[in-house]
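# Close look at the chain arrangement
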Amino acid sequence: MKHRVDTLYSQEILAETVARLGNEISLGYQGTDQLLMIGLLKGSVIFLSDLCRQVNSSVELDFMVVSSYGHRMQSSGDVRILKDIEVDIKGREVLIVEDIIDSGFTLSKVREMLLLREPKSLRICTLLNKVSRREVDVPVDYVGFEIPDAFVVGYGIDWAEKYRNLPYIGKVTIEES
Ligand SMILES: O=P(O)(O)OC[C@H]1O[C@H](OP(=O)(O)OP(=O)(O)O)[C@H](O)[C@@H]1O
Ligand code: HPA
Ligand SMILES: [Mg+2]
């Protein structure tokens, strides 16, 4: 499909925002023994690796692989957990790290699943929050940007597995041919 990608958030703005989030998280978890950050792959890979280095205390990392978009631009609604975390989260302070919340289907499923395991606390950090597309409510604790209703790529986020390695966040526009 013919399309173009325009910059929405530059590398510099992303770095500033990730530093700001790292600060907020450091303050929010002061005195915590060891925060567990759970990244939802694949999309969060780049954000999480930058974010965890902006947190001023030791954090543990674990990952889930979750997928529902495939090659589409809208959620299939069928959220598949392709890989679960390995650590026992009972009694732990847990922060889920997500690249984007759009319909909310992914995070509401993951959140419900993790809450059943009785963590001491469960908060959510997302780089991008697309509230205008929300179908299911999800409580969000740390947000990088509130974004418009646009399909975005880059900094870990894909369209049909392309563009994850763009160093900035871009907006996709489909061009009629
Ligand atoms: O709020 P939602 O509408 O559920 O959308 C958000 C989710 O969609 C994308 O994942 P995707 O299923 O594309 O998998 P990926 O992370 O491997 O790209 C994105 O990384 C989020 O995890
Ligand atoms: O805007 C988006 N872009 C790419 N993947 C996504 N998954 C949910 N929303 C998006
Ligand atoms: Mg995707």
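Here, residues in each chain are numbered from 1, in the same order as that chain's written sequence. Lettering of chains starts at A and numbering of ligands starts at 1, both following the order in which they are written. Local features in a predicted model are, by the rule used here, given only for residues with pLDDT of at least 70; side-chain atom pairs are given and counted only at 80 or more, and totals for whole chains, interfaces and linings are based on all residues.

The cut-off we apply is this: UniProt positions are given in the numbering used here, feature names are shortened, and annotations may be inferred rather than shown by experiment.
You'll find the protein chain entered in an unreviewed UniProt entry as Hypoxanthine phosphoribosyltransferase, with Corallincola spongiicola given as the organism. Per UniProt, the protein chain carries the Subcellular location (unreviewed entry) text "Cytoplasm". Under Sequence similarities (unreviewed entry), UniProt gives the following word-for-word description of the protein chain: "Belongs to the purine/pyrimidine phosphoribosyltransferase family."

## A word on the overall build of the protein chain
Rules: Here a helix means four or more residues in a row that DSSP labels H or I, a strand means two or more in a row labelled E, and each is numbered from the N terminus. Atoms considered for the radius of gyration are the C-alpha atoms alone. The globule rule reads 2.2 Å times the number of residues to the power 0.38. Counting other C-beta atoms within 10 Å of its own, a residue is labelled buried from 20 upward, exposed at 12 or fewer, and partly exposed in the gap between, with every C-beta atom placed from the backbone. The contact criterion used here is simple: two residues whose C-beta atoms, placed from the backbone, lie within 7 Å are in contact.
Secondary structure summary: the protein chain contains three helices and nine strands in total. What you see for the protein chain is a C-alpha radius of gyration of 16 Å, in line with the 16 Å of a compact globule of 177 residues. Projecting the C-alpha coordinates of the protein chain onto the three principal axes gives extents of approximately 55 × 35 × 25 Å. By the burial criterion, 30% of the 177 residues in the protein chain qualify as buried. When contacts within the protein chain are restricted to residue pairs at least 6 apart in sequence, those whose partners lie at least 24 apart make up 66%.

## Here's the deal with the site of ligand 1
Keep this limit in mind: Here, nearness means that the C-beta atom of a residue, built from backbone geometry, sits within 6 Å of the molecule or strand in question. For this scheme, ten residues count as nonpolar: Ala, Val, Leu, Ile, Met, Phe, Trp, Tyr, Cys and Pro. Four count as charged, namely Asp, Glu, Lys and Arg, and the remainder, Gly too, count as polar.
Lining the immediate environment of ligand 1, one finds 18 residues, of which Gly43, Tyr69, Asp102, Ser103 and Thr106 sit closest. When residues of the shell around ligand 1 are traced back to their parent elements, those giving at least two are β3 (59-67), β5 (93-101) and α3 (105-115). Sort the elements by how many residues they give to the shell around ligand 1 and β5 lands first, with four residues. The class makeup of the residues in the shell around ligand 1 is six nonpolar, seven polar and five charged.

## A closer look at the nonpolar core
Heads up, the rule is: Here, a nonpolar core means buried Ala, Val, Leu, Ile, Met, Phe, Trp, Tyr and Cys residues linked by C-beta atoms lying within 7 Å of one another.
Residues Phe47, Leu95, Ile96, Val97 and Val152 are the most contacted members of the largest nonpolar core, which totals 36 residues. Elements with a contribution of two residues or more to this core: α1 (11-28), β2 (35-41), α2 (45-52), β3, β5, α3, β6 (121-129) and β8 (152-153). Looking at this core, the element that brings in the most residues is β5, giving six residues. Residue contacts for Leu95: discarding those within four places in its chain leaves Ile25, Leu35, Met37, Arg123 and Cys125.

## Topic: the sheet that holds strand β9 (residues 169-174)
Adjacent strands of a sheet form backbone hydrogen bonds with each other and so pair up, either parallel or antiparallel. The test is simple: Strands qualify as paired when DSSP identifies two bridges or more between them.
On the basis of which strands lie adjacent, the open sheet formed by three strands has the order β1-β9-β8 and antiparallel pairing. This sheet does not close on itself; its edge strands, each paired only once, are β1 (3-9) and β8. One ladder, built from six bridges, connects β1 with β9; its direction is antiparallel. Note that in β9 the partner of Thr7 across the bridge is Gly170.

## Brief notes about the sheet that holds strand β7 (residues 142-146)
Stated formally: Axes, fitted as lines to C-alpha atoms, cover a helix only where it is in contact. Angles between the N-to-C directions of the axes lie from 0 to 180 degrees.
Read from one edge of the open sheet, six strands run β4-β3-β2-β5-β6-β7, paired in mixed fashion. Edge positions in the sheet fall to β4 (80-83) and β7, since each has one partner strand and no second. The mean angle between the axes of side-by-side strands here comes to 30°, regardless of whether they run parallel or antiparallel. The pairing of β2 with β3 spans seven bridges and is classified as parallel. By the bridge assignment, Leu41 is partnered in β3 with Val65. Of the strands in this sheet, β2, β3, β5 and β6 touch α2, which is tilted by about 160° from β2.

## Digging into the site of ligand 2
Near ligand 2 the following residues occur: Tyr69, Ile100, Asp102, Phe151, Val152, Val153, Ile157 and Trp159. By residue class, the composition of the shell around ligand 2 is seven nonpolar, no polar and one charged.

## Description of the pairing of β2
One face of the sheet, then the other: side chains in a regular strand alternate in exactly this way. Applied cut-off: Crossovers are marked right-handed if the path from the first strand over the helix to the second runs clockwise, as seen with the strands pointing away from the viewer.
The element β2 is extensively covered by neighbouring structure, given that five of its seven residues are classed as buried. One crossover worth recording links β2 to the parallel β3 by way of α2, and it is right-handed. Bridge analysis of β2 against β5 gives four bridges, and the strand direction is parallel. Residue Ile38 lies in a different strand from β5, and its bridge partner there is Ile96.

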